[in-house]
Amino acid sequence: MSTPTATTSPPTVLLTGFDPFGGDSLNPSWLAVETLQGRRIAGHKVVAAQLPTVFGSSLVELARLLREHRPTLVICVGQAGGRAAISLERIAINVNDARIADNAAAQPVDTPVVAGGPAAYFTTLPIKAMLLALQGEGIPAEVSQTAGTFVCNHVFYGLMHHLSTRRGFKRTRGGFVHVPWLPEQGQPSMTTDELVRGLRLLIATALATPEDIAQGAGAIS
């Protein structure tokens, strides 16, 4: 009699987007992320999840997802209306300073994301390699030096703090990506198909690049 063979689950990539906010009826970050749910990329299974555009609650949900899925790679995605390219965020800062209210009507001003936490965290994604990969496929892309001070930065900082301080996550790499509006929201914009193609390429490049390359992509101002 043959012995049953144990099956192992593939390693996971956690991809998150946000619900609509600020009066919008849609959020391109979630529409693009949702499309990749269950896909296999470089032997990894993509788990897509929506975070609320709410200070505090977004980090509670993100922590739950991290505990449940124990991902190898985490890419959180948010909307940045007015940007013309996929923005690979370099740094998250320990401050909430909301110009508008979040989806729970909260509007924190000059409060820390994590009390007593470091001033900032750098992404652990290979953003320069990701930049070149996107540009090589004709997808507008840039390295961004700021993720703002709204819920996107809140989640970015919370993610990096979790990966840096919680047991079992030292080898998990993560970071944040901003995407432009969709055409129906305004200009500049990118289509959902372009965003999905870009995210697939970002995941594949991150999984294939254990250490980032040296490539100029800084800013003067």
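Residues numbered from 1 in each chain as written. Predicted model: local features only at pLDDT ≥ 70, side-chain atom pairs only at ≥ 80, totals over all residues. Heavy atoms only, no water.

A. Structural context of the packing of helix H1 (residues 28–35) against helix H5 (residues 192–208). Where H1 meets H5, the closest approach of the two axes is 9 Å, and the angle between their N-to-C directions is 60°. With respect to each other, H1 and H5 are oriented oblique. Once H1 is placed against H5, the crossing between them reads as right-handed. Listed contacts from H5 to Pro-28, Leu-31, Ala-32, Val-33 and Thr-35 of H1 are Thr-192, Leu-195, Val-196 and Leu-199. Per-class residue counts for the contact of H1 with H5 are seven nonpolar, two polar and no charged. (Axes fitted to C-alpha atoms, helices over the stretch in contact; angles between N-to-C directions. Helix = DSSP H or I, 4+ residues; strand = E, 2+ residues; numbered from the N terminus. Parallel < 35°, antiparallel > 145°, perpendicular 65-115°, else oblique. Left-handed = near helix turned anticlockwise from the far one by under 90°. Contact = heavy atoms within 4.5 Å. Nonpolar A, V, L, I, M, F, W, Y, C, P; charged D, E, K, R; others polar.)

B. Focus on the pattern of salt bridges. Applying the stated rule across the entire model yields three salt bridges. Two residues, Glu-68 and Arg-64, come together in a salt bridge whose shortest N-O distance is 2.7 Å. With Glu-68 and Arg-64 both in helix H2 (residues 57–69) and four residues apart, this pair spans about one turn of that helix. The salt bridge partner of Arg-83 is Glu-89, with a shortest N-O separation of 2.8 Å. A network of salt bridges, in which partner residues are shared, links Glu-61, Arg-64 and Glu-68. (Salt bridge = Lys/Arg side-chain N within 4 Å of Asp/Glu carboxyl O.)

C. Geometry of the layout of surface pockets. Considering only enclosed or pocket space, the largest pocket measures out at about 430 Å³ in volume. Looking at the largest pocket, it is lined by 19 residues, and the ones nearest its centre are Phe-21, Gln-79, Arg-99, Ile-100 and Phe-150. Here the lining of the largest pocket is built from residues that sort into 10 nonpolar, six polar and three charged. (1 Å grid on protein atoms, 1.4 Å probe; cavity = no way out; pocket = protein on both sides within 12 Å on 5 of 7 lines; lining within 4 Å. Points joined across faces, edges and corners; volume = space filled by probe spheres on them.)

D. Spatial organisation of H2. The end-to-end C-alpha separation of H2 is 18 Å, in line with the 18 Å expected for 13 residues at 1.5 Å each. Of all the residues in H2, the buried ones are Ser-58, Leu-59, Leu-62, Ala-63, Leu-65 and Leu-66. Projection of H2 onto a plane perpendicular to its axis shows the buried side chains occupying an angular sector of 160°, all on one side. Each element contacted by the buried residues of H2 is listed here: strand E1 (12–18), strand E3 (44–51), strand E4 (73–79) and helix H4 (151–165). Positive phi appears at Arg-70, one or two residues downstream of H2, with a value of about 45°. (Expected span 1.5 Å × (residues − 1). Buried < 20%, exposed > 50% of the residue type's maximum accessible area, 1.4 Å probe, protein only. Arc of directions from axis to C-beta.)

E. Seen up close, the nonpolar core. In this structure, Leu-15, Ile-75, Ile-86, Leu-88, Leu-202 and Ile-203 are the most contacted members of the largest nonpolar core, which totals 34 residues. Looking at which element gives the most residues to this core, the answer is H5, with six residues. Setting aside chain neighbours within four positions, we find Ile-75 in contact with Leu-14, Leu-15, Thr-16, Leu-125, Met-130, Gly-175, Val-177 and Ile-203. Core analysis: the next-biggest nonpolar cluster, separate from the first, contains 30 residues, Leu-62, Tyr-121, Ala-147 and Leu-163 among them. (Core = buried A, V, L, I, M, F, W, Y, C linked by side-chain atoms within 4.5 Å.)

Everything listed here is a matter of coordinates, which is why it stays silent on function.
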